Amino acid sequence: MKLKDFSKPKFKEIKLIDFDKKAFSWKEICSRPIIKSFIINVAIFLVLNAIAYARFESDADIMMSLLLSGVTGAGYTSHLGFSNSLLFKIIAPLSSLVKCINWYTWLIVLSAFVAVVVLNKLFLDNHTEKNHLVLIVVFNIFIGYECYMFPSYIKSAIIGSFTVAISLKHMLDYSNGNIRKYVILTIGFLGYGFLSLRGTLYGFVGALVCVAIGLLLQEKKNIKRLLIWTGIVLISFGCLCGLRKADEALYAKESIEGKLTAEYIDDIEKLLVFGYPDYSNELGEKTGISADQYRRTFSSSNCFLVEERTIDSLSWIKEVSSERIKFKGETLLRFFRTVPIAQINVGYLYLFLVALLAFLASGYKNKRLVAYLTVGYCFVAYAIAYFNYAWDNRVTQLIVFLPVVYLLYTGMQSLKVVEHKELVAYLIVFGVVLYNRFGSQMVTTVTGGELAETVEEFYSDNNHYIAFNLNGYVRPYSPYKRFGEDLLDEKRLLVLNGYYMLFPEFNEKQYFAHSLGELWYDGETPIYMPDYYLVE
């Protein structure tokens, strides 16, 4: 039997806390790349929203915002057409419970915010100089201006899917991934994919361009890792396409509008986001639409009249969305005479020039070759967009410049050749140019007043209806404003915007759903306002 000796008790060594020393250091916490990126983005978001008001990028965003807010009073729907309803099955109940928040706007803005924060973090992991920090602030100002002041679901999906793809490549390169990180990437991939399938495709293509050019210039090329990354991206996108088709098929069984959505939503999205082609006699013969009808149909109100809601009644939309500029010597010459000059008004071009100048001042070995490749890519990408009537818009600008700017940023090594003060001086000059060019685009006032009051102001006779441009009415307001369920309560209000025919919630509120005669014009000018028409 073994006896314990209690005469010399043993105690475990206890480390006492030195309260003279702080348990943590704010300086150390703020020096972390993810915290730096977060602080920069919050500051830029607050400053931009303090000096100007935001605006939705396209009519598609306005339509989805109104549907999610339940403005028709017909209930809250998760099927917004342009996005997968699986995403909004989570958001729609929140929208019905908390009615003081425009959930759609905050969703797309926060989606872009998270993507930019993560993208900056990946850059700051390997670039710690002050000049690099200045450049990342410039990057955030340009991206923030587009994504925070002109929010759009498709732009959020582009930058989000680009970030997910670059993060995946980063994890494969450094073998620093664990299950938790891959789960987060999967959630991000599904979220951005559900937000916009088209935007996710463009984001993945941009990431592929960025990775491919970067790999081409590496001395030790790891083709196997690139193939693994490409395979994962392609399989993931294929799964998203399957989920989108399944979502459309389920909704198509429920209503006529579901069939119309499945058939035409991709074509309508292209027209709303990228713009409409120029009218030509050939296009008129294909669609049976005259030049005057075309102008009225594809105005800001998207006002077109159909006799019935059928697949055939909208067949002309496919003809319009598939219109292309023929590739020949004359049109190619017109491209070089049009697009490069118009780029003077594109903000992203200045961001590209800042990145290119800083990159050429760095110690990268093949920097001239990289410069030629990035400039060549921009010309090719704009040529593709030009011949598809899709070059003169903010979404295309983001698709073109995001991958090459990020490639130049990540390729920079030491920037000691460029003095800190010299870089700041260059940026101030660019800032003055940009302010003169784009200061007029910033909105400093918003419209006030309720729709019912506007109706009473223009016409008080109960014997008439007023058909109006709903998108035109909503557009001047801040996207953070939420319109209530009583927006269209006024019985005499009818909506002109033809694309709302894709949604059953607007059935009784569509102008062409009523037999009320033609719009009443006073000659060529509507009797009241460009967006309000009297109907007998």
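Read on for an overview of the structure. Only a predicted model underlies this, so the values are computations on that prediction, with no experimental measurement involved.

On to the overall build of the chain. What the chain contains, in helices and strands, is 21 helices and 5 strands. A total of 536 residues make up the chain; the buried ones form 51% of that total. In the chain, the share of contacts with a sequence separation of at least 24, taken over all contacts with a separation of at least 6, comes to 77%. Total accessible area on the chain stands at roughly 27,400 Å², and carbon and sulfur atoms take up 61% of it.

A separate point is the side chain of Ser-85. Mapped onto the secondary structure, Ser-85 falls in helix α4 (residues 85-97). Setting aside anything within four residues of it in sequence, one finds Ser-85 in contact with Ser-78, His-79 and Asp-247.

Glancing now at the packing of aromatic side chains. The final tally for this structure, using the stated rule, is 26 aromatic pairs. Centre to centre, the rings of Phe-38 and Phe-113 are 5.8 Å apart; their planes meet at 85°, and the pair counts as edge-to-face. Taken together, the residues span a long stretch of sequence, with Phe-38 in helix α2 (residues 33-51) and Phe-113 in helix α5 (residues 103-124) at a distance of 75 residues. On the basis of relative accessibility, which here comes to 13%, the residue Phe-113 falls in the buried class. When the centroid spacing of 5.1 Å and the interplanar angle of 85° are considered together, the rings of Tyr-477 and Phe-483 count as edge-to-face. Among the residues examined, Tyr-477 registers a relative accessible area of 6% and is labelled buried. Looking at Phe-483, the relative accessible area reads 6%, which means it is buried. The ring of Phe-483 has Lys-481 sitting right over it, with the charged end atom 5.2 Å from the ring centre.

For the rest of this paragraph, the subject is empty space enclosed by the protein. Gaps left between atoms show up when a probe the size of a water molecule is rolled over them. Inspection of the entire model under this criterion finds 5 cavities of 30 Å³ or more. Computed from the structure, the largest cavity encloses a volume of approximately 90 Å³. Lining the largest cavity we find 15 residues, and of these Phe-56, Ser-65, Val-474, Pro-479 and Phe-483 sit closest to its centre. The dominant element in the lining of the largest cavity, judged by the number of residues it contributes, is helix α3 (residues 59-69), at 4 residues. Taken as a whole, the second largest cavity encloses approximately 50 Å³ of empty space. Together, Phe-82, Ser-83, Asn-84, Gly-193, Phe-194, Leu-197, Leu-240 and Arg-244 line the second largest cavity. For the lining of the second largest cavity, the elements supplying multiple residues, two or more each, are α8 (179-195) and α10 (223-252).

In this section: α3. Most of α3 is tucked away, with 11 of its 11 residues classed as buried. Among the residues of α3, Asp-59, Ala-60, Asp-61, Ile-62, Met-63, Met-64, Ser-65, Leu-66, Leu-67, Leu-68 and Ser-69 are the ones counted as buried. Considering only its buried residues, α3 is in contact with α4, α5, α7 (153-174), α11 (256-274) and α21 (470-474). The first or second residue beyond α3 is Gly-70, which carries a positive phi of 65°.

So, on to the environment of Pro-504. Mapped onto the elements, Pro-504 comes out in the loop between β2 (493-495) and β3 (519-522). In this view, Pro-504 contacts Tyr-251 and Glu-257; residues no more than four positions away in its chain are not counted.

With that out of the way, let us pick up the side chain of Gln-343. Here Gln-343 is to be found in the loop between α15 (329-342) and α16 (347-360). With a relative accessible area of 8%, Gln-343 lands in the buried category. The contacts of Gln-343, once residues within four sequence positions are left out, are Leu-349, Tyr-382, Trp-391 and Phe-401.

Cut-offs used in this document
- Residues numbered from 1 in each chain as written.
- Predicted model: local features only at pLDDT ≥ 70, side-chain atom pairs only at ≥ 80, totals over all residues.
- Heavy atoms only, no water.
- Helix = DSSP H or I, 4+ residues; strand = E, 2+ residues; numbered from the N terminus.
- Buried < 20%, exposed > 50% of the residue type's maximum accessible area, 1.4 Å probe, protein only.
- Contact = heavy atoms within 4.5 Å.
- Areas by Shrake-Rupley, 256 points an atom, 1.4 Å probe, with all protein chains shown as cover.
- Phe/Tyr/Trp six-rings, centres within 6.5 Å; stacked < 30°, edge-to-face > 60°.
- Lys NZ or Arg CZ within 6 Å of the ring centre and 35° of its normal.
- 1 Å grid on protein atoms, 1.4 Å probe; cavity = no way out; pocket = protein on both sides within 12 Å on 5 of 7 lines; lining within 4 Å.
- Points joined across faces, edges and corners; volume = space filled by probe spheres on them.

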